[in-house]
Amino acid sequence: MNFGTRTLAAALLAVLPGLSLAGQGVTDTQVSFAQVAALEGPAAALGQGMRTGMMAAFAEANAKGGVHGRQIILDSLDDGYEPDRSVSHVKSVIAGDNHLGLIGAVGTPTASATQPVATEAGLPFVGPFTGAGFLRDASHGNIYNVRASYFAETEAWIAYLVDELGMKSIALLYQDDGFGRVGLAGVTEALTKRGMTLSAEGTYTRNTVAVKKALLEIRKAEPDAVVMVGAYKPVAEFIRLSRKLKFDPTFVNISFVGSDALASELGDDGEGVIISQVVPFPWDETRPVVAQYHAALKAVDAAAEPGFVTLEGYLTGRLVIRALEDAGQALTRDSFLAALAALRDVDFGGVVMRFGPGDNQGMDDVFLTRITRGGGFEPVATAAGNGA
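Residues numbered from 1 in each chain as written. Predicted model: local features only at pLDDT ≥ 70, side-chain atom pairs only at ≥ 80, totals over all residues. Heavy atoms only, no water.

Topic: the overall build of the chain
Counted only if it meets this: By the criteria applied, helices consist of DSSP H or I runs no shorter than four residues and strands consist of E runs no shorter than two, each listed in order from the N terminus. Here the globule rule reads 2.2 Å times residues to the power 0.38, and the radius of gyration is calculated from C-alpha atoms. Throughout this description, buried means an accessible area under 20% of the type-specific maximum (1.4 Å probe, protein chains only), exposed means over 50%, and partly exposed covers the range between. Whether two residues are in contact is decided by their heavy atoms: any pair within 4.5 Å suffices. Here the accessible surface of atoms and residues is derived via Shrake-Rupley with a 1.4 Å probe, and residues count as covered only by protein chains that are part of the display.
A count of helical and extended segments in the chain gives 12 helices and 14 strands. The C-alpha radius of gyration computed for the chain amounts to 20 Å, which stays within 12% of the reference 21 Å derived for 388 residues, consistent with globular compactness. The dimensions of the chain, computed from C-alpha atoms along their principal axes, are 65 × 40 × 40 Å. Here the chain holds 388 residues, and 56% of them are scored as buried. Taking as baseline every contact in the chain between residues at least 6 positions apart, the subset at least 24 positions apart corresponds to 69%. Of the roughly 14,600 Å² of accessible surface on the chain, 52% is carried by carbon and sulfur atoms.

Some thoughts on helix α6 (residues 178-192)
Basically, it comes down to this: Each residue after the first adds 1.5 Å to the expected span of a helix. Any pair of nitrogen or oxygen atoms within 3.5 Å is treated as a polar contact; in protein, a donor-acceptor pairing is required on top of that, and neighbouring residues in sequence qualify only through side-chain atoms on both sides.
Here α6 contains 15 residues, and its C-alpha end-to-end distance of 21 Å stays within 8% of the 21 Å for a straight helix at 1.5 Å per residue. Considered for burial, the residues of α6 that qualify are Phe179, Gly180, Val182, Gly183, Leu184, Gly186, Val187, Ala190 and Leu191. Of the surrounding elements, those touching the buried residues of α6 are α4 (108-121), α5 (150-164), β6 (170-175), β7 (200-204) and β8 (225-229). Taking the backbone nitrogen of Phe179 as reference, a side-chain oxygen 3.1 Å away marks Asp177 as the first, capping residue of α6.

A look at the UniProt feature "domain: Leucine-binding protein" (unreviewed entry) in the chain
Definition in use: UniProt positions are given in the numbering used here, feature names are shortened, and annotations may be inferred rather than shown by experiment.
Per the UniProt record, "domain: Leucine-binding protein" (unreviewed entry) is annotated on residues 32-375. Note that residues 32-375 is 44% helix and 16% strand, and that its end C-alpha atoms are spaced 36 Å apart.

A short note on the pairing of strand β10 (residues 274-277)
Filter applied, for reference: A pair of strands is treated as paired once DSSP finds two or more bridges between them. The path from the first strand over the helix to the second decides the hand: if it runs clockwise while the strands point away from the viewer, the crossover is right-handed.
Every second residue of β10 is oriented toward a common face, with Ile274 and Ser276 on one face and Ile275 and Gln277 on the other, all of them buried. Both strand β9 (residues 250-253) and β10 contribute to a ladder of two bridges, which runs parallel. Counterpart to Val252 in the pairing with β10 is Ile274. Considered for its hand, the β-α-β crossover made up of β9, helix α9 (residues 259-266) and β10 is right-handed. As paired elements, β10 and strand β13 (residues 367-371) share four bridges and run antiparallel to each other. The residue bridging Gln277 from the neighbouring strand is Phe367, located in β13.

A few points about the packing of helix α7 (residues 212-220) against helix α8 (residues 232-244)
Selection criterion: Where helices are involved, their axes are fitted lines through C-alpha atoms of the stretch in contact, as for all axes, and angles between N-to-C directions lie from 0 to 180°. Roughly parallel covers angles under 35 degrees, roughly antiparallel covers those over 145, roughly perpendicular covers 65 to 115, and oblique covers all other angles. The crossing is said to be left-handed when, going from far helix to near helix, the turn is anticlockwise and less than a right angle, and right-handed when the turn is clockwise. Charged means Asp, Glu, Lys or Arg here, nonpolar means Ala, Val, Leu, Ile, Met, Phe, Trp, Tyr, Cys or Pro, and polar covers whatever is left, Gly included.
As a packed pair, α7 and α8 sit with axes 10 Å apart at the nearest point and diverge in direction by 50°. One way to sum up the angle between α7 and α8 is to call them oblique. For the crossing formed where α7 meets α8, the hand is right-handed. Contact residues: α7 offers Lys212, Ala214, Leu215 and Ile218, while α8 offers Phe238, Leu241 and Ser242. Partitioning the contact of α7 with α8 into residue classes produces five nonpolar, one polar and one charged.

A short note on the environment of Val252
Its place among the elements puts Val252 in strand β9. Exposure remark for Val252: the relative accessible area of 2% places this residue in the buried category. Between the alpha carbons of Val252 and Ile158 there is a distance of 9.9 Å; along the sequence they are 94 residues apart. Contacts of Val252, omitting those with residues within four sequence positions, involve Trp157, Leu161, Val226, Val227, Met228 and Ile274.

Brief notes about the pattern of salt bridges
Quick reminder of the rule: The salt bridge criterion pairs a side-chain nitrogen of Lys or Arg with a carboxyl oxygen of Asp or Glu, the two atoms within 4 Å.
Enumeration according to the criterion identifies 19 salt bridges in this entry. With a closest N to O distance of 3.4 Å, Glu82 and Arg206 form a salt bridge. Taken together, the positions of Glu82 in the loop between β2 (71-78) and α3 (83-96) and Arg206 in the loop between β7 and α7 put the pair 124 residues apart, joining distant regions of the chain. Residue classification places Glu82 among the partly exposed positions, given a relative accessible area of 28%. Of the charged contacts in the structure, one is a salt bridge between Glu271 and Arg373, with a shortest N-O distance of 3.4 Å. Taken together, the residues Glu271 in the loop between α9 and β10 and Arg373 in the loop between β13 and β14 (377-379) connect sequence positions 102 residues apart.

As structure tokens, then:
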């Protein structure tokens, strides 16, 4: 599938007379958004998962007549998780003036490159799949996050491993770029608070699986746990090689890894691996919004299975829909941003996003989960009470 083209629905609409897109992606009958994200390559499952979740939310709304009579269209462009490609696509989106905003971007290095471009253009930047701190600066006026920060995730790791389990030696594997260094800073801060330092650290290059050197360096320290800030393919390679070498610390991963993709990559080697999450357990249908997500996901793709990434995409889509509703019939970029800025507590049914002056991040909770035998997931109960 060519993810650099419009969705099928958008392509069909584009050839119909009278439905060509007006400025800012708004006509009387439709509103268009752009997603610039990794849709192919080692981080593809993340961009595709976000896309599927957002499409589920939009299809759910479209089936009910859309928002103020407008069908919501999503155009997805593949940046391969490379900043230069991401910037090129974002500049094309801005120049084309055929989209109301950017939604569901994936990654810290790509967001670091594209966010300033989007902010300068006044382009909404909603629901990026990254916990990078610079995106929590509400003063930019165009950025709205769904998920908790990476600093919140790394603090949750260390609180569990050190405070609850009593571990004394923590090592870190991280991607050697802005994403990985944010994780390094978070882990370092959490350890420093406890009078500790990393026992070892190792890096790998983005969009590669060259982790053996890092593994050999980390193994020398014999850590109790290895915390990991990376994408699913190199992380899976690190864990597989570790198992072969009989190196068996507790492995803990950041949400960006892509839980379902990591479990699939690891197979039997995944049992016991911990992953922090920033959305509730996707199989907990006692939460109304999760039950709605299940139905919406099946409606858009009968073969799709629930998961953490698609749930985050769905929640991102629901946030976009809420802002479109609040913006009213006379929809523009300015009215859409004004609607986002006016949001306070938004209850989607078991998931509440809280925004306010100076607070552009909807959710703060971090949940720990563990891969089970057979590639499933189970919540990890913690003293903080954030079992998913």
